[in-house]
Amino acid sequence: LKIFNSGKAEARNIKVEWLNNSEDVIIQGDFSELGNLTPQNSRSFHIVLTTGHPDVMMLRYTWEDDNSKTNTLEEQVQI
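So, a few notes on the structure that sits alongside this text. Bear in mind that the values here come from a model prediction, so they are computed numbers and not experimental data.

The rules we used
Residues numbered from 1 in each chain as written. Predicted model: local features only at pLDDT ≥ 70, side-chain atom pairs only at ≥ 80, totals over all residues. Heavy atoms only, no water. Helix = DSSP H or I, 4+ residues; strand = E, 2+ residues; numbered from the N terminus. Buried < 20%, exposed > 50% of the residue type's maximum accessible area, 1.4 Å probe, protein only. Contact = heavy atoms within 4.5 Å. Areas by Shrake-Rupley, 256 points an atom, 1.4 Å probe, with all protein chains shown as cover. Pairing = 2+ DSSP bridges. Axes fitted to C-alpha atoms, helices over the stretch in contact; angles between N-to-C directions. Core = buried A, V, L, I, M, F, W, Y, C linked by side-chain atoms within 4.5 Å. 1 Å grid on protein atoms, 1.4 Å probe; cavity = no way out; pocket = protein on both sides within 12 Å on 5 of 7 lines; lining within 4 Å. Points joined across faces, edges and corners; volume = space filled by probe spheres on them. Nonpolar A, V, L, I, M, F, W, Y, C, P; charged D, E, K, R; others polar.

1. Examining the overall build of the protein
Scanning the protein from terminus to terminus reveals zero helices and eight strands. For the protein, the α and β elements follow one another from N to C terminus as β-β-β-β-β-β-β-β. Sorting the 79 residues of the protein into buried and exposed places 22% on the buried side. Partitioning the contacts of the protein with sequence separation of at least 6, the portion at a separation of at least 24 is 58%. In the structure as shown, the protein presents an accessible area of about 5,300 Å², 45% of it carried by carbon and sulfur atoms.

Here you go:
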(Lines give C-alpha, C1' and ligand atoms only; values in the text may rest on other atoms or scores of the structure.)
Protein backbone atom coordinates (compact mmCIF):
# COMPACT_ATOMS: atom_id res chain seq x y z
CA LEU A 1 0.00 0.00 0.00
CA LYS A 2 1.46 3.36 -1.00
CA ILE A 3 0.02 6.55 0.49
CA PHE A 4 0.92 9.56 -1.68
CA ASN A 5 0.44 13.31 -1.16
CA SER A 6 -0.53 14.52 -4.63
CA GLY A 7 -1.37 18.02 -3.39
CA LYS A 8 0.68 21.20 -3.38
CA ALA A 9 0.64 21.68 0.41
CA GLU A 10 2.01 19.63 3.27
CA ALA A 11 -0.54 17.18 4.66
CA ARG A 12 -0.43 17.18 8.47
CA ASN A 13 -1.75 14.79 11.11
CA ILE A 14 -2.55 12.13 8.52
CA LYS A 15 -4.63 9.23 9.81
CA VAL A 16 -5.66 6.13 7.89
CA GLU A 17 -8.51 3.89 9.07
CA TRP A 18 -9.05 0.31 7.90
CA LEU A 19 -12.83 0.03 7.41
CA ASN A 20 -13.07 -3.69 6.53
CA ASN A 21 -14.30 -6.12 9.17
CA SER A 22 -11.96 -8.84 7.89
CA GLU A 23 -9.17 -10.42 9.91
CA ASP A 24 -7.66 -11.96 6.75
CA VAL A 25 -5.27 -9.10 5.96
CA ILE A 26 -2.09 -8.44 7.93
CA ILE A 27 -0.55 -4.98 7.63
CA GLN A 28 3.15 -4.85 8.42
CA GLY A 29 3.73 -1.56 10.18
CA ASP A 30 1.32 0.92 11.74
CA PHE A 31 -0.17 3.32 9.22
CA SER A 32 -2.99 4.57 11.45
CA GLU A 33 -1.16 7.83 12.29
CA LEU A 34 1.35 8.90 9.66
CA GLY A 35 2.16 12.39 10.92
CA ASN A 36 3.05 14.79 8.11
CA LEU A 37 3.72 14.20 4.42
CA THR A 38 5.26 16.84 2.16
CA PRO A 39 3.90 17.41 -1.37
CA GLN A 40 4.70 14.74 -3.96
CA ASN A 41 6.10 12.33 -1.34
CA SER A 42 4.77 8.97 -0.22
CA ARG A 43 5.02 6.22 2.37
CA SER A 44 4.81 2.51 1.54
CA PHE A 45 3.48 -0.34 3.68
CA HIS A 46 3.62 -4.10 3.10
CA ILE A 47 0.37 -6.01 3.31
CA VAL A 48 0.15 -9.79 3.67
CA LEU A 49 -3.02 -11.45 2.37
CA THR A 50 -4.28 -14.73 3.77
CA THR A 51 -6.71 -17.23 2.27
CA GLY A 52 -10.19 -15.72 2.26
CA HIS A 53 -9.05 -12.08 2.19
CA PRO A 54 -11.58 -9.48 0.99
CA ASP A 55 -11.60 -8.43 -2.69
CA VAL A 56 -11.67 -4.76 -1.76
CA MET A 57 -9.76 -2.83 0.89
CA MET A 58 -11.84 0.04 2.29
CA LEU A 59 -9.83 2.94 3.74
CA ARG A 60 -10.61 6.36 5.21
CA TYR A 61 -7.95 9.08 5.16
CA THR A 62 -8.16 12.21 7.30
CA TRP A 63 -5.64 15.05 7.33
CA GLU A 64 -5.09 18.79 7.77
CA ASP A 65 -3.50 21.19 5.31
CA ASP A 66 -3.30 24.91 4.60
CA ASN A 67 -6.85 24.90 3.14
CA SER A 68 -8.73 22.86 5.74
CA LYS A 69 -8.36 21.13 9.09
CA THR A 70 -11.01 18.50 8.28
CA ASN A 71 -10.09 16.79 5.00
CA THR A 72 -11.56 13.30 4.57
CA LEU A 73 -11.40 10.80 1.73
CA GLU A 74 -12.81 7.28 1.63
CA GLU A 75 -11.35 4.90 -0.91
CA GLN A 76 -12.00 1.34 -2.04
CA VAL A 77 -8.85 -0.37 -3.33
CA GLN A 78 -9.15 -3.57 -5.37
CA ILE A 79 -6.88 -6.26 -3.91
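2. Points about the sheet that holds strand β2 (residues 11–18)
The antiparallel open sheet is built from four strands, whose spatial order is β4-β2-β7-β8. Among the strands making up the open sheet, the edge pair consists of β4 (33–37) and β8 (71–78). With strand direction ignored, the average angle separating the axes of adjacent strands in the sheet is 25 degrees. Judged from the three bridges that link them, β2 and β4 form a sheet pairing that is antiparallel. By the bridge assignment for β4, Lys15 is matched with Glu33.

3. Quick notes on the environment of Val16
Along the polypeptide, Val16 turns up in strand β2. The exposure class assigned to Val16 is buried, which follows from its relative accessible area of 3%. Sequence-wise, Val16 and Ser32 are 16 residues apart; in three dimensions their C-alpha atoms are separated by 4.7 Å.

4. Things to note about the nonpolar core
The biggest cluster of nonpolar side chains holds 10 residues, and these are Ile3, Ala11, Ile14, Val16, Leu34, Leu37, Phe45, Met57, Leu59 and Tyr61. Going through the elements one at a time, β2, β4 and β7 (56–64) are the ones with two or more residues in this core. With near-sequence residues (within four places) excluded, Leu34 lies in contact with Ile3, Ile14, Val16, Arg43 and Phe45.

5. What to know about the layout of surface pockets
Looking at the largest pocket, its volume works out to about 300 Å³. Put simply, the parts of the chain that give the lining of the largest pocket at least two residues each are β1 (2–4), β2, β7 and β8. Among the elements that make up the lining of the largest pocket, the one with the highest residue count is β1 (three residues). Its residues assigned to classes, the lining of the largest pocket shows nine nonpolar, three polar and three charged.

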